[in-house]
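A look at the structure
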Amino acid sequence: MARSRSGTRGRRGPRKPPRRPGDANSQVQTIDPRERGAIELPTTITVKELAELLAVNPADVIRELIKSGIFATINQLIDRDTASLVAGELGYEVAETIAPTAGVAIEGEEERAPAPAAKEVLFDEDDAQDLVTRAPIVTVMGHVDHGKTSLLDAIRTTEVAAGERGGITQHIGASEVERDGKRVVFLDTPGHEAFTAMRARGAKVTDIAVVVVAADDGVMPQTLEAISHAKAAKVPIVIALNKMDRPDANPDRVKTELSEAGVIVEDYGGDTPLVEVSARTRLGLDDLLDMILLVTDLQELKANPKRAAVGTIVEAQLDKNRGAIATAIVQTGTLRVGDVIVVGETFGKVRALENDLGKRITEAGPSSAVVVLGLSAVPEAGDILRVVADEKAARTMVESRQAEVAAKGGDGSGRATLEDLYRQIQAGQAKELRIILKADVSGSLGAITHALDQLNQDEIRINVLHEGAGDITDNDIMLSSASDAIIVGFNTKITETARRAADAEGVDVRLYDIIYKLTDDISAALQGLLEPEIIEVVEGRAEVRQIFRVGKSTVIAGCFVTDGRIVRGGARVWRNGKIVATDRIESLRRFRDDVREVERNYECGIGLAGYNDLEEGDIIECFTSQTVSRVLPS
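Let me begin by describing the structure that accompanies this report. In this text, all values refer to a predicted model and were calculated from it rather than measured experimentally.

1. Some details on the overall build of the chain
Within the chain, the regular secondary structure consists of 14 helices and 33 strands. At a minimum sequence separation of 6, the contacts of the chain that also span at least 24 residues come to 72%. Just so you have it, the chain exposes about 29,800 Å², and 47% of that area is on carbon and sulfur atoms.

2. Topic: the nonpolar core
Residues Leu41, Leu50, Leu54, Val61, Leu65, Val86 and Val342 are the most contacted members of the largest nonpolar core, which totals 27 residues. Elements represented by at least two residues in this core include exactly β1 (39-42), α1 (47-54), α2 (58-67), α3 (80-89), β16 (340-343) and α9 (391-408). Tallying contributions element by element places α1 first for this core, with five residues. By size, the runner-up hydrophobic cluster in this structure holds 24 residues, among which are Ala154, Ile155, Ile208 and Val238.

3. Section: the layout of surface pockets
Estimates place the volume of the second largest pocket at around 830 Å³. For the lining of the second largest pocket, the elements supplying multiple residues, two or more each, are α6 (221-233), α7 (251-260), β22 (432-439), α11 (442-453) and β23 (461-469). Here the residues of the lining of the second largest pocket are counted per class, giving 10 nonpolar, nine polar and 11 charged.

4. Some remarks on the side chain of His466
Here His466 lies in strand β23. Those residues in contact with His466, other than ones at most four positions away along the chain, are Leu224, Glu225, Ser228, Ile435, Ile436, Leu437, Asp476 and Leu479.

5. Details of unusual backbone geometry
Positive phi is not limited to glycine here, since Asp180 has a value of about 55°. Assignment of secondary structure puts Asp180 in the loop between β7 (174-179) and β8 (182-187). On the accessibility criterion, Asp180 (62% relative accessible area) is exposed.

6. Points about α1
Burial within α1 is extensive, with seven of its eight residues counted as buried. Positive phi shows up at Ala55, right after α1, with a value of about 60°.

7. Re the pattern of salt bridges
Going through the model one piece at a time under the given rule, you end up with 25 salt bridges. For Asp286, the salt bridge is made with Arg179, and the minimal N-O distance between the two is 3.4 Å. Taken together, the residues Asp286 in helix α8 (residues 285-299) and Arg179 in strand β7 connect sequence positions 107 residues apart. According to the relative accessible area criterion, Arg179 is buried, its value standing at 18%. Between Arg541 and Asp563 there is a salt bridge whose closest N-O contact spans 3.2 Å. Here the residue Arg541 occupies a position in strand β26 (residues 533-550), and Asp563 occupies one in strand β27 (residues 554-567), the gap between them amounting to 22 residues. One connected set of salt bridges, linked through shared partners, spans Arg179, Asp180, Asp286 and Asp290.

8. Observations concerning the environment of Asp60
Tracing the backbone shows Asp60 in helix α2. Spatially, the C-alpha atom of Asp60 lies 9.0 Å from that of Val86, the residues being 26 residues apart in sequence.

9. Looking at the packing of aromatic side chains
The full count for this structure, using the stated rule, is zero aromatic pairs. One cation-aromatic arrangement involves Arg572 over Phe623; the distance from NZ or CZ to the ring centre is 4.2 Å.

10. Comments concerning the pairing of β8
Direction of pairing for strand β6 (residues 137-142) relative to β8: parallel, over a ladder of three bridges. Bridge assignment links Ile137 to a residue of β8, and that residue is Val185. Between β7 and β8, which pair antiparallel and follow one another directly, the connecting turn spans two residues, one of which, Asp180, has a positive phi of 55°.

11. Let's talk about the sheet that holds β7
Backbone hydrogen bonds are what pair the strands of a sheet, in a parallel or an antiparallel way. Strand order in this open sheet of six strands is β7-β8-β6-β9-β10-β11, and the pairing throughout is mixed. Each edge of the sheet is formed by a strand with only one pairing partner; in this case those strands are β7 and β11 (274-276). Mean inter-strand twist for the sheet, computed between neighbouring axes without regard to direction, equals 30°. Direction of pairing for β7 relative to β8: antiparallel, over a ladder of six bridges. Bridged to Arg179 within β8 is Lys182. The strands that α7 touches are β9 (208-214), β10 (237-242) and β11; relative to β11, the one it contacts most, it runs at about 160°.

12. Points about the packing of helix α12 (residues 474-483) against helix α13 (residues 496-505)
At a minimum axis separation of 8 Å, α12 and α13 run at an interaxial angle of 15°. Regarding the angle of α12 to α13, the classification is roughly parallel. Along this stretch, α12 crosses α13, giving a crossing that reads as right-handed. Between α12, through Asp474, Ile477 and Ser481, and α13, the contact on the second element is made entirely by Thr497, Ala498, Ala501, Ala502 and Glu505. When its residues are assigned to classes, the contact of α12 with α13 shows four nonpolar, two polar and two charged.

13. Regarding the environment of Val61
Mapped onto the secondary structure, Val61 falls in helix α2. Assessed through its relative accessible area of 0%, Val61 is described here as buried. For the pair Val61 and Val47, spaced 14 residues apart in the sequence, the C-alpha separation amounts to 6.9 Å.

14. Some details on the side chain of Thr223
Tracing the sequence through the fold places Thr223 in helix α6. Those residues in contact with Thr223 that sit more than four places away from it in its chain are His143, His146, Val211, Val213 and Gly218.

15. Re the packing of α6 against α12
Taken N-terminus to C-terminus, the directions of α6 and α12 make an angle of 10°; their axes are 10 Å apart at the nearest point. Of the possible angle classes, the one that applies to α6 and α12 is roughly parallel. Relative to α12, α6 is oriented so that their crossing is left-handed. Along its contact with α6, which presents Glu225, Ser228, His229 and Ala232, the element α12 presents Asn475, Leu479 and Ser483. Among the residues making up the contact of α6 with α12, the classes are represented as two nonpolar, four polar and one charged.

Calculation criteria
- Residues numbered from 1 in each chain as written.
- Predicted model: local features only at pLDDT ≥ 70, side-chain atom pairs only at ≥ 80, totals over all residues.
- Heavy atoms only, no water.
- Helix = DSSP H or I, 4+ residues; strand = E, 2+ residues; numbered from the N terminus.
- Contact = heavy atoms within 4.5 Å.
- Areas by Shrake-Rupley, 256 points an atom, 1.4 Å probe, with all protein chains shown as cover.
- Core = buried A, V, L, I, M, F, W, Y, C linked by side-chain atoms within 4.5 Å.
- Buried < 20%, exposed > 50% of the residue type's maximum accessible area, 1.4 Å probe, protein only.
- 1 Å grid on protein atoms, 1.4 Å probe; cavity = no way out; pocket = protein on both sides within 12 Å on 5 of 7 lines; lining within 4 Å.
- Points joined across faces, edges and corners; volume = space filled by probe spheres on them.
- Nonpolar A, V, L, I, M, F, W, Y, C, P; charged D, E, K, R; others polar.
- Salt bridge = Lys/Arg side-chain N within 4 Å of Asp/Glu carboxyl O.
- Phe/Tyr/Trp six-rings, centres within 6.5 Å; stacked < 30°, edge-to-face > 60°.
- Lys NZ or Arg CZ within 6 Å of the ring centre and 35° of its normal.
- Pairing = 2+ DSSP bridges.
- Axes fitted to C-alpha atoms, helices over the stretch in contact; angles between N-to-C directions.
- Parallel < 35°, antiparallel > 145°, perpendicular 65-115°, else oblique.
- Left-handed = near helix turned anticlockwise from the far one by under 90°.

In C-alpha cells, the structure reads:
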C-alpha cells in the first residue's frame, strides 16, 4: 500500500499524545509518540479508531486518505498498509509487527503475516539507511516532426550496439537504458498530451522532461505547449536540440526563440541545459544521457526498495489471450509476483511480471518499467498502483472508491473557477491566478498580455501558463485540468470535443470579444485574492478627571467625553502629547450601569484591561479595527 510521500520532509509530531479509542473492547495498543515508541496497527481498523489511536481529528485522517486517492467514510474499514500511510504522514512511527484486529482475536496470525512485499518500513528520515538512489524517469516531448521518436530509437539502438542492457520493445510504453552503470527510464508517451493526462489524474511520475526542438525548424506551437506542460508540472527541463547534422541548422536562432518563450538556456546565462544532438548520426547522445544523469544527481532521487510497492500505470490494454495487462513504472518499493494490488477502480493479484526485455521476473524494484498481469479489469493511464495486505482490503478500497465516484458523478476533483478562487485562497493556496490564454491572432495575445501585466501586484500575480493563437482545443483543457488554470479565449472559439472535455473535467472557460470586459473579470477575481486591509478607526476621546481605586489592583478612571464616543475596544493613553500605553477598554459605566457606549459631553467610568498607572489629565483615545476590501488601482 502507498506509504508517506514525505521522504524528504521532516517528521511532523502530533499536537497531543494519543489516547485510547472510545471502544472499551478495542485491543489496539496506543503508545505516546513523544516517547518515540512504534505504534502497532491491526490488519484492519476503521477511520474513526485510527483517528482516536493517533489523537487527531477524523477529518485529518480522511484528508490524508484523499491525498492518496482513497475516499473513505469515518466508519469504513481500512487495511494496515493504508493506516500506516496515514500514520506516517501525521508523524508517527509504525511497528513492523501486527496487532490483533480491534475487538477480535486472530488465530494463526504468524501464518497470515504479510508477504515480504508488504513489509512496513516507513519512508521517512528515520529510515534513511533504507533509501537507495533510484533511476530518473524521463518524459520526452516536442513538436510532432522534430524527431522525438527517432531520438528515443537512436538511444535504444546505441545501447544495444554497445552491448549494454538494451531498451524494451516500443509497445510496452517505456524504455530503460544504461550509461556508465546507471539506469535511465524513458517514457514512450505520445507526447505532452499523455504526459498531462496522467498528471491530471494525480500521477507525478516524471522526474525530468526532455523537450526536443529541431535545429532547422525552431520553436513551434507544440514546442511551446510541451514547455508549458513541463513548467506546470514543475519538473526540470532539458532541451535536446535535434537535427544538428542538417546544413540549415541554426542553433542560435533556436536559443533566441527559446528565450522569447521564457526558457533561458545556459549559454545565454539561464539555468536550462541544452544539448546538441542528431538522432540520424547519433551525435551528442552520450552527452544527452550525461546531462540527464547530472540533473538527476542534483535532485538526489531516492526510494525505499523494502517497502510495499507504489507505482503508476503508463498504459494498459485487454489481451484476448492474457486478459488485462498494464505497463507500470514502480516508483518506490518492490513489486513481487503474488502481491495483491489496487489500481484505480480495479484490483487483482500479480500473476506474472515481465521486464523491459520481455522476460518473466519475480520482482521489480524502484524506477522499473514492468508489465503486470493479473488485474481483473483494464485500468487507465495515470492510475496509481499500490500493494495492499489482502484481497478483502483491496475489494473494500475499490468498492469505496467506486461509491464515492458514483456519488459525485465523476472523479470528484475540483477545478479552479473565477468564482471560487477567493475560497481557495482562504484555504491556504498560493495567491496566483493561473491562466491559459488563446486568441485569434498573435497580435491580440500581445495586447492582452500587456493588459494583464498591468493588473499584477506585489501580493498576487497572473501566471499565464500557456498562450497561443487558434481555437481552444483538448490539449488546453488537459493542461487546465492538470494545473487548476482558467482558460481565457479572445475572439476565438472552443472546439466541440474540447467543450465536452471541459464539461467533464469542470474546467472554467471564458470567451470574450472586448478586451476591457476580459480585464474587468480578471481584475474582479484578483480583488478576491487581495488580503483585506485592516484599518483603525478612532471612535472618540475622553479626558481623565478623577482616579478611583477599587481593591489592590483595579483602577477606574472618571472621564469626560470630549470628542466622538467611547465604546469598548482598543484604547491608547495619551500624556503630554505622547502615547504612554496601548490597551483595551474592559469596562464602561454610566453611574452604576454598564453601557455599550457614551456620547460626547457625558461623563463615564473607564476601566482598562491591564494599564493601571492612569493620571488625571490623561487622554484615553478609543479605536476599533475594521476590515476593508482592497481594490486594484485603476
